[in-house]
Amino acid sequence: QVQLVESGGGLVQAGGSLRLSCAASGRTFSTYDMGWFRQAPGREREFVAAITWSGGLTYYADSVKGRFTISRDNGKNTVDLQMNSLRPEDTAVYYCAAERERPPSSASIYYSNSRRYDYWGQGTQVTVSS
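Presented here is a report on the structure given in the accompanying data block. It should be emphasised that the depicted structure is a prediction, and the values quoted were computed from it without experimental measurement.

### Focus on unusual backbone geometry
Positive phi, close to 60°, is recorded for Asn 77, a residue that is not glycine. Residue position: Asn 77 is located in the loop between strand E7 (68-73) and strand E8 (78-83). Residue classification places Asn 77 among the buried residues on the basis of a relative accessible area of 16%. Look at Ser 85: it is not a glycine, yet its phi comes out positive at around 50°.

If you want it as structure tokens, here you go:
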């Protein structure tokens, strides 16, 4: 089991940057695939980015490709989301998620599916002003 705590959210102007961090408890963090999801008011939770347990593969939603970068440090039990060129439509609560069970393949459909992840943080608010 793993517990997740996000940090780094805040208010930023359009075009600015923020770096979110997710700290995980436990000694088995390196065995978990990790994902970032977000949920804006009145909208469903949506996939943002994911990274495999080893850090060897990363996945991004089309809306954030080229602007966001996911990374992890298994020695520090953290996974980060660097967000650049932020837009007002990036405003949402951002959640970190973890899953230990391996998917059937490395296809992105598995890593972008929120229902696959068993463990979630409490979320951190990101607000981008225009």
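### Things to note about the state of the cysteines
This model, assessed by the stated rule, comprises one disulfide. Disulfide pairing places Cys 22 opposite Cys 96 at an S-S distance of 2.1 Å. Taking the torsion about the sulfur-sulfur bond, which here is approximately -80°, the covalent link between Cys 22 and Cys 96 counts as left-handed. A residue pair is termed long-range when its members are at least 10 positions apart, and Cys 22 in strand E3 (residues 18-24) and Cys 96 in strand E9 (residues 92-99) qualify at 74 residues. Neither Cys 22 nor Cys 96 differs from the other in exposure class; each is buried.

Definitions and limits used
- Residues numbered from 1 in each chain as written.
- Predicted model: local features only at pLDDT ≥ 70, side-chain atom pairs only at ≥ 80, totals over all residues.
- Heavy atoms only, no water.
- Helix = DSSP H or I, 4+ residues; strand = E, 2+ residues; numbered from the N terminus.
- Buried < 20%, exposed > 50% of the residue type's maximum accessible area, 1.4 Å probe, protein only.
- Disulfide = S-S within 2.5 Å.

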